[in-house]
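# Commentary on secondary and tertiary structure
Each chain, written out:
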Amino acid sequence: EAQVTQNPRYLITVTGKKLTVTCSQNMNHEYMSWYRQDPGLGLRQIYYSMNVEVTDKGDVPEGYKVSRKEKRNFPLILESPSPNQTSLYFCATRLAGVGADTQYFGPGTRLTVL
Amino acid sequence: EDQVTQSPEALRLQEGESSSLNCSYTVSGLRGLFWYRQDPGKGPEFLFTLYSAGEEKEKERLKATLTKKESFLHITAPKPEDSATYLCAVQLYSSASKIIFGSGTRLSIRP
């Protein structure tokens, strides 16, 4: 079954404590992306990756890091989380190339930073 | 500045009452426009992709249309299970990796 998995699904942490949210896909997709979703602001892209070892900033990259060492995994790293990073986070994947525009989203990770 | 605006923010309908959701966009070179459905606590689920003005796509009670400035998601004779937030997003020629989302329309269908 085609899947995008995220872990953890829920996380409550404190300011400054480093954390990693994992994203894994089994569809052999080249393109992976992270979004955050906040009320009234919609989904905003944090970082994306076109393939292994190729990453780039989205619209709201400040305070986040990513890495793409393997095709199937794209972790999101918060080195020093702050309360304004409290949000609902989604990982998304798709094939790269013309016409391959359908994104598949993970189930989401709800993060609370106290 | 590239922008996507959805209206209304929220819409409550009676079961069977047809209506339309709007997605207007101001972008420099539209490559594609997407519609997603999002249920509470879940990730967005893909519905349609539209590439050129005049194009239409249908799926069950939903039909998406596209003009040069906006897209409509028409819902015909909706049922309570159509209740969800509907998201519109655009992809640009200038940066095919970048997807810009609207803030969504929260649709509620009363039995």
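Notes on the structure in this doc start here.

Conventions and cut-offs
Residues numbered from 1 in each chain as written. Chains lettered and ligands numbered in written order. Predicted model: local features only at pLDDT ≥ 70, side-chain atom pairs only at ≥ 80, totals over all residues. Heavy atoms only, no water. Pairing = 2+ DSSP bridges. Helix = DSSP H or I, 4+ residues; strand = E, 2+ residues; numbered from the N terminus. Disulfide = S-S within 2.5 Å. Buried < 20%, exposed > 50% of the residue type's maximum accessible area, 1.4 Å probe, protein only. Phe/Tyr/Trp six-rings, centres within 6.5 Å; stacked < 30°, edge-to-face > 60°. Lys NZ or Arg CZ within 6 Å of the ring centre and 35° of its normal.

### Details of the sheet that holds strand E3 (residues 19-25) of chain A
Residues and elements named next belong to chain A. Strand order across the open sheet formed by four strands is E1-E3-E8-E7, with antiparallel pairing between neighbours. Each having just a single partner strand, strand E1 (4-7) and strand E7 (65-66) make up the two edges of the open sheet. Note that E7 and strand E8 (residues 76-78) share two bridges and pair antiparallel. Looking across to E8, one finds that Val66 is bridged to Leu76.

### Digging into the state of the cysteines
Taken as a whole, this structure holds two disulfides over all chains when the rule is applied. Between the sulfur atoms of A:Cys23 and its disulfide partner A:Cys91 the distance amounts to 1.9 Å. Handedness here is read from the sign of the S-S torsion; for A:Cys23 and A:Cys91, about -70°, the answer is left-handed. With A:Cys23 in strand E3 and A:Cys91 in strand E9 (residues 87-94), this pair connects stretches of sequence that are 68 residues apart. Assigned by exposure class, A:Cys23 and A:Cys91 land together as buried. Covalently, B:Cys23 is tied to B:Cys88 through a disulfide, its sulfur atoms 1.9 Å apart. Measuring handedness by torsion sign, the sulfur bridge of B:Cys23 and B:Cys88 sits at about -55° and is left-handed. Separated by 65 residues along the polypeptide, B:Cys23 in strand E3 (residues 19-26) and B:Cys88 in strand E9 (residues 84-92) bring together distant segments of the chain. We note that B:Cys23, like B:Cys88, is buried.

### Some words on the packing of aromatic side chains
Applying the stated criterion across every chain yields a total of nine aromatic pairs over all chains. Plain terms: the ring middles of A:Tyr35 and B:Phe101 are 5.4 Å apart, the flat faces sit at 85° to each other, and that makes the pair edge-to-face. Within this pair, whereas A:Tyr35 is found in strand E4 (residues 31-38), its partner B:Phe101 is found in strand E10 (residues 99-101), the two belonging to separate chains. Pair check on accessibility: A:Tyr35 and B:Phe101 agree, each one buried. Relative to B:Phe46, the ring of B:Tyr36 has its centre 6.0 Å away and its plane inclined at 75°; by these criteria the two rings are edge-to-face. With B:Tyr36 in strand E4 (residues 30-38) and B:Phe46 in strand E5 (residues 45-50), this residue pair connects regions lying ten residues apart in the sequence. For B:Tyr36, a relative accessible area of 1% translates into the label buried. Assessed through its relative accessible area of 23%, B:Phe46 is described here as partly exposed. The ring of A:Tyr31 is capped by A:Arg94, whose NZ or CZ atom sits 4.1 Å from the centre of that ring.

All quantities given are derived from atomic positions and should not be read as evidence of function.
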